[in-house]
Amino acid sequence: MPGPALDPVITDHSLPSKADVVIIGGGIIGASAALFLAERGVKVVLCEKGVLGGEQSSRNWGWVRVMGRDRREIPLAIAALKIWDTLDARVGGETGFRRSGILYISETEQDIANRDAWLALAKPYGVDSRQIGPDETSALMAGAAITYKGGLYTPSDGRAEPQKAVPAIASGARRAGAVIVTGCAVRGIEKSTGRISAVVTERGRIETEAVVLAGGAWSRLFCKGLGIRLPQLKVRNTVLRTAPIEGGPEGAGATATYAYRKRLDGGYTIATAGTNLHPLVPDTFAFFRDFRPARKAESEAVQVGLSAQSWRELFEIAPQPLDRPGAFERCRILDPRPDPKSVLKAFEEARKALPKLRAVEPVQIWAGLIDVTPDVVPVISHAEQVPGLVIATGFSGHGFGIGPGAGHLVADLVTGEKPIVDPAEFRLSRFSDGTPIEIAPPV
């Protein structure tokens, strides 16, 4: 089933023979990195094998939050929020960003205790998150029909439109001087004297000494071709959108069974808050030990099963010569089959709580594949094995909200400027240097 329709964006048709930096991947991370690099006068080319934002960057929930994040992500999330505030003016477009608040709804005493623990962890960062009671929770949910124990509420968090954000950011990057080419798969990297000398695309070669890999769920396969061990798996999440309705909650919220977010068009994005599918693939077994702590922590939140992706990846084990079409050209956009049963169940649960939703129907259901790391924290890092390569991937379902901040950090790493946040927590080497895998407690 096709994903949601994206805003149109003008792209380039010709491929330059040289560039200071080549970005692989046109999701929110790649587009944001292109924007910040172009603004600094860097000659940057972004190559996207499909369409801009065609995968998880347009298929996510659309939350922009600091609340509930792993402690390692909080500084980057705070920096990203500040960028979101000025992003529309910066790119001359509409991303749909609004600071409308986010609510984690508490149904049990354990929920409240978990959120108290997160507040204690987040206090040094000056967040405005707070615990609220039943009455305020009900008011934020536009008169909820269910009385909840309360919630963790962050008024400064917000929402944006995944189908608008990447096109707007990419258009802004192009106006700033970036070259953006779609339908152009990068097959691999050439090296000279141990460093990057060019990228090889299906349309030809681009000489460059710096590459940013922001390939989302494809990043592991690309790294494999370079001999880089990137422990990353894919998880499917299903989402629906409703027709517009008046009088519902202005912001976003979630319980253990459903999540909602008001859309710019007046409808709602509804998702399953706790059920995802990991398709069994060869990497499932290759990274079995790496993901053991995550499996234990997630319990039943991630189910494992076979899918079309399982069979596809069986044929992607062997490396492909750069002069031949490969996996990146055989599949332009990951478009997994959604799970209507689970998301419609979530919608019914949301309708029980939010009376306004009882008068509206779903108009579309889609799914996306989330790129996940063993500690559920992204990699934003130089690759020591390939000088000149910066990897930005594994955002584990948290990438949309911190996308502009991550793009800024990528640009900092490429240019050697002072990083917007300390990148040490996002280093790729944490998975190989003996650092214990740290899994954040539930919030």
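One structure accompanies this document, and this report is about it. All residue numbers here refer to positions counted from 1 along the written sequence of the relevant chain. Selection of residues for local features in this predicted model requires a pLDDT of at least 70, selection of side-chain atom pairs for listing and counting requires 80 or more, and totals for whole chains, interfaces and linings are taken over all residues. Based on all heavy atoms of the structure, the side-chain values leave hydrogens and waters out of the count.

**Side note on the packing of aromatic side chains**
For clarity, the cut-off: Stacked, tilted and edge-to-face are the three classes applied to pairs of Phe, Tyr and Trp rings, where Trp contributes its six-membered ring and a pair requires centres within 6.5 Å; stacked means planes under 30 degrees apart, edge-to-face means over 60, and tilted covers the rest. Residue exposure (1.4 Å probe, protein chains only): buried if accessible area is under 20% of the type maximum, exposed if over 50%, otherwise partly exposed.
Scanning the entire structure with this criterion turns up 7 aromatic pairs. Between W61 and W63 the ring centres are 5.4 Å apart and the planes differ by 65°, which places this aromatic pair in the edge-to-face class. Under the relative-accessibility criterion, W63 is labelled buried at 8%. Taken together, W61, W63 and Y104 form an aromatic cluster joined through their ring pairs.

**So, the side chain of E48**
Operational definition: The numbering of helices and of strands both runs from the N terminus, where a helix is a DSSP run of H or I of at least 4 residues and a strand a run of E of at least 2. In this charge count, Lys and Arg are treated as positive and Asp and Glu as negative; neither His nor the chain ends contribute. Salt bridges are defined by distance alone: a side-chain nitrogen of Lys or Arg within 4 Å of a carboxyl oxygen of Asp or Glu. N or O atoms closer than or at 3.5 Å make up a polar contact, with two conditions inside protein: a donor-capable atom paired with an acceptor-capable one, and, for residues adjacent in sequence, both atoms drawn from side chains. Any two residues whose heavy atoms approach within 4.5 Å at even a single point are treated as in contact.
Of note, E48 is situated in strand β2 (residues 44-48). Although buried, E48 forms no salt bridge, and the nearest oppositely charged side chain, K49, lies 4.9 Å from it. Within the structure, the side chain of E48 is placed 2.7 Å from the backbone nitrogen of G26, a separation counted as a polar contact. Of note is the side chain of E48, whose polar atom sits 2.7 Å from the backbone nitrogen of G50. If near-sequence neighbours (up to four positions away) are discounted, E48 is found in contact with G25, G26, V181, T182, G183 and C184.

**Examining the state of the cysteines**
Stated precisely, the cut-off is as follows: The definition used for a disulfide is geometric: two cysteine sulfur atoms within 2.5 Å.
Throughout the structure, instances matching the rule amount to 0 disulfides. Free of any disulfide, C47 has its nearest cysteine sulfur in C184, 4.2 Å distant. Free cysteine: C331, not disulfide-bonded; nearest cysteine sulfur from C184 at 16 Å.

**Some remarks on the sheet that holds strand β21 (residues 389-393)**
Put simply, the rule reads: A pair of strands counts as paired when DSSP detects no fewer than two bridges linking them. Fitted lines through C-alpha atoms give the axes, limited to the stretch in contact for helices. The angle between two N-to-C directions lies from 0 to 180 degrees.
Spatial strand order, β8-β2-β1-β12-β21-β20: 6 strands in an open sheet with mixed pairing. Two strands in the sheet have a free side with no partner beyond their single neighbour: β8 (179-182) and β20 (379-382). Going across the sheet, the axis of each strand differs from the next one's by a mean of 15°, ignoring polarity.

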